[in-house]
Number of protein chains: 2
Amino acid sequence: MSQPSRNGRAPSVKDVAKAAGVSLGTVSNVLNRPAVVSTITRERVERAMADLGFVRNESARQLRAGTSRALAYVMLDGGNPFFHDVAEGIETAAEAADLSLFVCNSNGRPEREAKHIDRLIQQRVQGILITPADPDAAHLEEIARRGIPFVMVDRFSSSGGHCSVAVDDVLGGRIAVEHLIDRGHQRVAFVGGPASIGQVRERLQGARAVWAEFGLPEEDLIHVPTEALTVNEGRSAGERLAGLPSRRRPTAAFCANDLLALGLLQHAVTAGLRVPDDLAIVGFDDIDFAAAAAVPLTSVRQPRQELGRTAARLVLDEATNPEHIHEQATFVPALVARASTVRRS
Amino acid sequence: MSQPSRNGRAPSVKDVAKAAGVSLGTVSNVLNRPAVVSTITRERVERAMADLGFVRNESARQLRAGTSRALAYVMLDGGNPFFHDVAEGIETAAEAADLSLFVCNSNGRPEREAKHIDRLIQQRVQGILITPADPDAAHLEEIARRGIPFVMVDRFSSSGGHCSVAVDDVLGGRIAVEHLIDRGHQRVAFVGGPASIGQVRERLQGARAVWAEFGLPEEDLIHVPTEALTVNEGRSAGERLAGLPSRRRPTAAFCANDLLALGLLQHAVTAGLRVPDDLAIVGFDDIDFAAAAAVPLTSVRQPRQELGRTAARLVLDEATNPEHIHEQATFVPALVARASTVRRS
DNA sequence: TTGTATGCGTTATCAA
DNA sequence: TTGATAACGCATACAA
């Protein structure tokens, strides 16, 4: 490939046509229906394209086509590997459909989320996947009203005028606490908050349900609230746990996500507690760092990649299938028992 | 805002003009130079835009403008929080310049990297930031040859025909090992590989240099090679360390990144070693999970966000300043001492 | 202050 | 099989 004569702008089909001595339409045919072009002409055009270093202009294609060849995922917290794994699942599906994926990060801030959405609408993306800060935010309605295919990931909304994909969080809470009860724990902390997050509420609800079913006293399932689902908050929860009078102090903690659990684990180790002997810990999500912790964390596994793949499948169905009907896909979480609750033999 | 009469396509400036009873040019003026439009007309147009739910079509703008309003970052390993933090730094700078940022992930695979780059060129992004799998890959040259502003992040290339941003890895290796020598260690492992990664080589080189300067015997700095910079490889390196005859066994390990260090830490704890008493550990990057580990990890800190911000600054300079000259920005790493090398008092 | 006309690069339709 | 032409939505130069 020779040096493209870059006088500022990139070579266009027109330039290629001139170089190959054919018409613009023929170049387009070479690109889009090569079968219709004679071999000799096609080769000449292809050589010209290579010579000039021609690359299709996606904006022009889009303008012409009326829609872009891209999906978008707006994630809630780029610092949480969980969302990265979801994004990978989405990308796999997007790739298979020959679509690009734009990944945005709202960092939990509604105004950033809204800004990203604005941009994505300007880009005319084919569909938007989102894990929103607030599932009932007005700007989400907006997306649907514009007729843009739209799937909520890892969240359910009350309205339900769209698809969503998530695990059964109540069940997740149940299996976590059931596991702890199985291991003989009679006093358990639920670490998590804020309550404004639906999943926190549901995981707690599941925990309470199974606790009651086993006939255990309500006051022995202690809610230790946090302000966010972060490692720092997990540490601070650890301090509060340590501050409880010893007869109230739980022997196990179920954390609303793995970041909290990692923070709690760190506090426990620093405080000289043995995990799981003095304090057993269960997390939620089963991010890779859970298994990688010094004391590998027991966690409630979400099928992270599959959540993403399914969400992408749904948004594509909405985009292409006129008979699409909204679907609330629910996955079943599974407990992955590791050393933070099970002493090695 | 009333229901936009969606008969398939989104409303255009033309639709707005018709609705407002003005010409297309006036609508455009409202959008781009509102000062030039009379208040009364402007308000009428704005009402029409709101009524119709008009949103600019970015493709058309781009086509007209000849260039997009976006930067792109192709990262090497989305699963490593280090790159996420770099991306955040880039996004901060992009945001300030009112540009979008496309984040792609090559996952270390050159063919995925090339595919992403293809797409980005088609999108006519204003500039490409990349942490490449191979800094000398042919498709990188290609970017520069097309005249697309281009910055290498966290890597240096041999050719040097472009900007790059990285920390001084040799120095990083020095301060890590100097810290260990300070703490009295006389037999130290360098855990890292493959050697094809320039930074691994340089960190080792720095380690060796300072080791020699202190007059310590070469064979007491033991290279434990790994096949990748992952938690798993860190664990496996731990096993190999444990397998060394005790008089050869190091009392400390310097890992080429934090993921390795976390894996090594896990193995050590599982094997019943006390950290740092039996084995001190130093990582590299200082990702958040390093500080969050059960035994907080000492690590060589890279200014992750600042790497990103600087890279973005450079690519924007190349994009806008005709007198741009390529720059190799080098940052100074700093040791962050934590419990994995310093026993708590 | 507003309107009209042109072109960005691509694809598709239609004619040759 | 190839070529000429129109259209996508927007921004701008220029005319009114």
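Residues numbered from 1 in each chain as written. Chains lettered and ligands numbered in written order. Predicted model: local features only at pLDDT ≥ 70, side-chain atom pairs only at ≥ 80, totals over all residues.

**Observations regarding the protein's contact with DNA strand D**
Line of reasoning, step 1. The full set close to DNA strand D counts 28 residues, and Ser23, Gly25 and Thr41 of chain A together with Ser12 and Ser28 of chain B are the nearest of them.
Line of reasoning, step 2. Broken down by secondary-structure element, the contributors of at least two residues to the surface near DNA strand D are α2 (24-32) and α4 (58-65) of chain A together with α2 (24-32) and α4 (58-65) of chain B.
Line of reasoning, step 3. Ranked by residue count, the leading element in the surface near DNA strand D is α2 of chain B, at six residues.
Line of reasoning, step 4. Along the lines of polarity and charge, the residues of the surface near DNA strand D split into 10 nonpolar, 13 polar and five charged. (Near = placed C-beta within 6 Å. Helix = DSSP H or I, 4+ residues; strand = E, 2+ residues; numbered from the N terminus. Nonpolar A, V, L, I, M, F, W, Y, C, P; charged D, E, K, R; others polar.)

**Digging into the sheet that holds strand β8 (residues 252-255) of chain B**
All names here are of chain B.
Line of reasoning, step 1. The sheet built from six strands is open, its strands ordered β7-β6-β8-β9-β10-β12 with mixed pairing. The sheet is open, and its two edges are formed by β7 (221-224) and β12 (334-336), each paired on a single side. Averaged over all pairs of adjacent strands, the angle between strand axes in this sheet comes to 20°, irrespective of strand direction.
Line of reasoning, step 2. The sheet contact formed by strand β6 (residues 188-191) and β7 spans four bridges and is parallel. Looking at the pairing, alanine 189 lines up with isoleucine 222 of β7. (Pairing = 2+ DSSP bridges. Axes fitted to C-alpha atoms, helices over the stretch in contact; angles between N-to-C directions.)

**Considering the nonpolar core**
Line of reasoning, step 1. By size, the foremost hydrophobic cluster in this structure holds 184 residues, and its most contacted members are Leu129 and Leu265 of chain A together with Leu129 and Leu265 of chain B.
Line of reasoning, step 2. When residues no more than four places from it in sequence are discounted, the contact partners of leucine 129 of chain B are Leu71, Ala72, Tyr73, Ile90, Val151, Val153, Ala311, Ala312 and Val315 of chain B. (Core = buried A, V, L, I, M, F, W, Y, C linked by C-beta atoms within 7 Å. Buried ≥ 20, exposed ≤ 12 C-beta atoms within 10 Å, placed from the backbone. Contact = placed C-beta atoms within 7 Å.)

**Some details on the sheet that holds strand β4 (residues 150-153) of chain B**
All names here are of chain B.
Line of reasoning, step 1. On the basis of which strands lie adjacent, the open sheet formed by six strands has the order β2-β1-β3-β4-β5-β11 and parallel pairing. Strands at the two margins of the open sheet, each flanked by one partner only, are β2 (100-105) and β11 (328-331). For this sheet the average axis-to-axis angle between neighbouring strands, irrespective of direction, equals 15°.
Line of reasoning, step 2. Note that strand β1 (residues 70-75) and strand β3 (residues 127-130) share four bridges and pair parallel. Bridging across to β3, tyrosine 73 finds its partner in leucine 129.
Line of reasoning, step 3. Those strands touched by helix α6 (residues 110-122) are β1, β2 and β3, and its axis lies near 175° from that of β1.

**Here's the deal with helix α8 (residues 169-182) of chain A**
Residues and elements named next belong to chain A.
Line of reasoning, step 1. Along its 14 residues, α8 runs 20 Å from first to last C-alpha, staying within 8% of the 20 Å computed at 1.5 Å per residue.
Line of reasoning, step 2. The buried fraction of α8 is high, at 10 of 14 residues.
Line of reasoning, step 3. All of the buried residues along α8 are Asp169, Leu171, Gly172, Gly173, Arg174, Ile175, Ala176, Val177, His179 and Leu180.
Line of reasoning, step 4. Glycine 184 sits one or two residues past α8 and shows a positive phi near 95°. (Expected span 1.5 Å × (residues − 1).)

**Observations regarding the pairing of strand β10 (residues 298-301) of chain A**
Residues and elements named next belong to chain A.
Line of reasoning, step 1. Of the two faces of β10, the one holding Thr298 and Val300 and the one holding Ser299 and Arg301 are both buried throughout.
Line of reasoning, step 2. Where strand β9 (residues 280-285) and β10 come together, four bridges link them in parallel fashion. Its bridge partner being in β10, phenylalanine 284 is matched across the sheet by valine 300.
Line of reasoning, step 3. Alignment of β10 against strand β12 (residues 334-336), held across three bridges, turns out to be antiparallel. Note that in β12 the partner of valine 300 across the bridge is leucine 335.

**So, the packing of α4 of chain A against α4 of chain B**
Line of reasoning, step 1. Their axes nearest at 8 Å, the elements α4 of chain A and α4 of chain B cross at an angle of 135°. Put simply, α4 of chain A runs oblique to α4 of chain B. Relative to α4 of chain B, the crossing made by α4 of chain A is left-handed. Residue-level inspection shows Ser59, Ala60, Gln62 and Leu63 of chain A of α4 of chain A in contact with α4 of chain B, the latter providing Ser59, Ala60, Gln62 and Leu63 of chain B.
Line of reasoning, step 2. For the contact of α4 of chain A with α4 of chain B, the residue count by class is four nonpolar, four polar and no charged. (Parallel < 35°, antiparallel > 145°, perpendicular 65-115°, else oblique. Left-handed = near helix turned anticlockwise from the far one by under 90°.)

**Some details on the interface of chain A and chain B**
Line of reasoning, step 1. Opposite the 39 residues of chain A that make contact, chain B presents 39 residues.
Line of reasoning, step 2. Class assignment for the residues of the side of chain A that touches chain B results in 16 nonpolar, 15 polar and eight charged.

**Describing the protein's contact with DNA strand C**
Line of reasoning, step 1. The immediate surroundings of DNA strand C are formed by 27 residues, with Asn57 and Ala60 of chain A together with Ser23, Gly25 and Thr41 of chain B found nearest.
Line of reasoning, step 2. Of all the secondary structure elements, the ones that give two or more residues to the surface near DNA strand C are α1 (13-20), α2 and α4 of chain A together with α2 and α4 of chain B.
Line of reasoning, step 3. Sort the elements by how many residues they give to the surface near DNA strand C and α2 of chain A lands first, with five residues.
Line of reasoning, step 4. Here the residues of the surface near DNA strand C sort into 10 nonpolar, 11 polar and six charged.

**Some details on the relation of the copies chain A and chain B**
Line of reasoning, step 1. For the match of chain A to chain B, the screw axis carries a shift of 0.0 Å, the RMSD comes to 0.1 Å, and the turn is 180°. What the rotation and shift describe, once combined, is the action of a two-fold rotation axis. Within chain A, the C-alpha atom positioned nearest to the axis of rotation is that of serine 59 of chain A, 2.3 Å from it.
Line of reasoning, step 2. The overlap is high: 100% of the interface residues of chain A also sit at the interface in chain B, so the same surface is used on both sides. (Least-squares fit on C-alpha atoms with pLDDT ≥ 70 in both.)

**What to know about the environment of glutamine 199 of chain B**
All names here are of chain B.
Line of reasoning, step 1. Relative to the helices and strands, glutamine 199 resides in helix α9 (residues 198-213).
Line of reasoning, step 2. A tally of 21 C-beta atoms within 10 Å means that glutamine 199 is categorised as buried.
Line of reasoning, step 3. Taking the C-alpha atoms as reference points, glutamine 199 and glutamate 178, separated by 21 residues in sequence, lie 18 Å from one another.

**What to know about the domain arrangement of chain A**
All names here are of chain A.
Line of reasoning, step 1. Partitioning chain A into structural domains gives domain 1 (1-54), domain 2 (68-167 + 304-331) and domain 3 (169-302).
Line of reasoning, step 2. Look at where the C-alpha atoms of domain 2 and domain 3 centre, and you get two points 29 Å apart.
Line of reasoning, step 3. With nine residues of domain 2 at the interface, the matching set in domain 3 holds nine residues.
Line of reasoning, step 4. Among the elements of the structure, α5 (81-96) and α13 (304-320) are those that each provide at least two residues to the side of domain 2 that touches domain 3.
Line of reasoning, step 5. Split by residue class, the side of domain 2 that touches domain 3 holds six nonpolar, one polar and two charged. (Domains from an automatic or database assignment.)

**A few points about the pairing of strand β2 (residues 100-105) of chain A**
Residue and element names in this part refer to chain A.
Line of reasoning, step 1. For β2, the buried fraction is high: six of the six residues fall into the buried class.
Line of reasoning, step 2. Pairing of strand β1 (residues 70-75) with β2, which is carried by six bridges, proceeds in the parallel orientation. Residue pairing across strands places methionine 75 opposite asparagine 105, the latter belonging to β2.
Line of reasoning, step 3. Where the polypeptide runs from β1 across α5 and back to β2, its parallel neighbour, the crossover connection is right-handed. (Right-handed = clockwise from strand over helix to strand, strands pointing away.)

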